[in-house]
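# Coordinates in review
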Amino acid sequence: MPRYGQLVMGPAGSGKSTYCSNIVKHCEAIRRTVQVVNLDPAAEHFDYPVYADIRELIHIDDAMEDDALHFGPNGGLVFCMEYLIENLDWLQEQLDEVEDDYILFDLPGQIELYTHIPVMRQLADKLQSWNFRLCGIFLLDAQFLIEPSKFVSGMLTALSAMVSLEIPHINVMSKLDLLSKKDKKNLERYLDPDVGSLLAEEFDESKFGHRFKALNASMASMIDDYGLVKFLPLDPTDEDSINDVLIQADTSVQYGEDLEPREYREPEEPDDGIADVGLDLMVE
């Protein structure tokens with residue numbers, strides 16, 4: 001039987017751990033079990049039960065405080081993830097003990113891990129070799145909607161992760177509960193965006209020059225022409241919103257297709273003595 005997993009990604013502060021917490025609570029409400037594995041060595045606290053924690057293997061402080069390494073936060077995080085790849089037997093041992101077949105992997109948000117080095121691709125490949133069907137969930141904070149240029153940068157980050165991992169991929173616009181009513185009215189244009197028109201609204205060619213406009217046009221064309229980046233809305237205060245994202249993720253990994261149907265049981269016949277008494281009363 002295959003196992004299933006979500007690789008939960010996104011920039012720092014995009015709500016990855018909150019997403020995992022909301023999915024766990026939602027699944028508890030519908031009587032479904034989901035486990036969470038923390039693979040962020042810089043994580044501080046969680047609002048959900050952690051089944052396995054990379055900090056038991058290595059913590060970012062181990063890399064930053066080592067006198068021989070002298071890493072900063074970014075270098076320390078890269079070092080920790082490369083250390084994980086070199087010691088994937090630890091992760092395999094943790095996952096072999098999991099009885100449930102659906103796992104959320106809470107990943108760090110540093111963009112270099114998805115663009116500059118192959119550690120995340122190596123992780124995804126190894127999990128798939130362990131019979132996991134994976135789906136990438138890329139969260140983008142709704143605060144990215146404040147400026148079109150900032151939003152496009154977030155889209156390119158999501159696109160980079162999607163191309164790097166080469167697994168089913170879902171982009172999610174998170175923290176919608178923090179948007180004002182005015183911003184929520186304009187939300188639809190960002191969920192399936194026309195990038196060219198968004199950038200045209202912000203940049204004036206006379207101010208920025210034709211080369212800058214040409215660069216923006218090229219980026220917009222790359223995204224628009226192929227329809228590569230769209231977003232699902234996620235409001236953590238709305239159970240239907242959480243369920244919609246979960247259904248999309250389940251569909252992308254074909255979750256449930258291998259589950260055996262429940263055996264049908266005929267209703268039990270009433271006790272003969274009770275049935276006879278009932279007939280006697282009817283006769284009287």
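Refer to the preceding data block for the structure.
Quick look at the structure, then. (Residues numbered from 1 in each chain as written. Predicted model: local features only at pLDDT ≥ 70, side-chain atom pairs only at ≥ 80, totals over all residues. Heavy atoms only, no water.)

### Section: the sheet that holds strand E7 (residues 232-233)
Worth spelling out the cut-off: Two strands form a pair only when DSSP identifies at least two bridges running between them. Numbering of helices and strands runs from the N terminus, with a helix taken as a DSSP run of H or I at least four residues long and a strand as a DSSP run of E at least two residues long. Two residues form a contact once any of their heavy atoms are found within 4.5 Å. Note on geometry: axes are lines fitted to C-alpha atoms, helical ones only across the stretch in contact, with angles between N-to-C directions running from 0 to 180 degrees.
Spatial ordering of the open sheet is given by E3-E2-E4-E1-E5-E6-E7, a layout of 7 strands whose pairing is parallel. The strands lining the two open edges of the sheet, one partner per strand, are strand E3 (52-53) and E7. Two elements, strand E5 (residues 132-141) and strand E6 (residues 169-174), share 6 bridges in a ladder whose sense is parallel. Note that in E6 the partner of Leu-140 across the bridge is Met-173. Lying over the sheet, helix H6 (residues 119-129) contacts strand E1 (3-9), strand E4 (102-106) and E5, oriented at roughly 145 degrees with respect to E5.

### So, helix H12 (residues 210-226)
Note the following rule: In this scheme, a helix's expected span is set at 1.5 Å multiplied by one less than its residue total. Partly exposed describes any residue whose relative accessible area lies between the buried limit of under 20% and the exposed limit of over 50%, with all areas from a 1.4 Å probe on protein chains only and scaled to the type maximum.
Look at H12: 24 Å from first C-alpha to last across 17 residues, which is about the 24 Å you get at 1.5 Å a residue. Within H12 the residues assigned to the buried category are Asn-216, Ala-220 and Ile-223.

### Quick notes on helix H3 (residues 73-86)
The end-to-end C-alpha distance of H3 is 20 Å, a good match for the 20 Å that 14 residues give at a rise of 1.5 Å each. If you check which residues of H3 are buried, you get Gly-76, Leu-77, Val-78, Cys-80, Met-81, Leu-84 and Ile-85. Of the surrounding secondary structure, the elements contacted by the buried residues of H3 are helix H2 (60-64), helix H4 (88-96), helix H5 (112-115) and H6.

### With respect to the nonpolar core
One recurring pattern in soluble globular proteins is that nonpolar side chains are buried together. Rules: Grouping buried Ala, Val, Leu, Ile, Met, Phe, Trp, Tyr and Cys residues that are joined through side-chain atoms within 4.5 Å yields what is termed a nonpolar core.
One finds Leu-91, Phe-105 and Leu-127 to be the most contacted residues of the largest nonpolar core, which totals 60 residues. Core analysis: the next-biggest nonpolar cluster, separate from the first, contains 25 residues, Ile-23, Tyr-102, Ile-242 and Val-253 among them.

### What about the environment of Cys-27?
Relative to the helices and strands, Cys-27 resides in helix H1 (residues 16-29). By relative accessible area, Cys-27 is classed as buried at 0%. Residues Cys-27 and Asn-243, 216 residues apart in the sequence, show an inter-C-alpha distance of 9.0 Å. Ignoring sequence-local partners within four residues, the contact set of Cys-27 consists of Arg-32, Val-34 and Leu-246.

### Focus: the layout of surface pockets
Our working rule: Here a cavity denotes grid points, spaced 1 Å and computed from the protein atoms alone, that fit a 1.4 Å probe unable to get out, and a pocket denotes an open set having protein on both sides within 12 Å along at least 5 of 7 lines; residues with an atom within 4 Å of a point are the lining. Grid points are joined across faces, edges and corners, and a volume is the space filled by probe spheres set on the points. Polar here means any residue other than Ala, Val, Leu, Ile, Met, Phe, Trp, Tyr, Cys and Pro, which are nonpolar, and Asp, Glu, Lys and Arg, which are charged; Gly is therefore polar.
Size it by volume and the largest pocket reaches roughly 460 Å³. Lining the largest pocket are 19 residues, with Gly-13, Lys-16, Ser-17, Asp-40 and Ala-43 sitting closest to its centre. Looking at the lining of the largest pocket, the element that brings in the most residues is H1, giving 3 residues. Of the residues assigned to the lining of the largest pocket, the class counts are 7 nonpolar, 7 polar and 5 charged.

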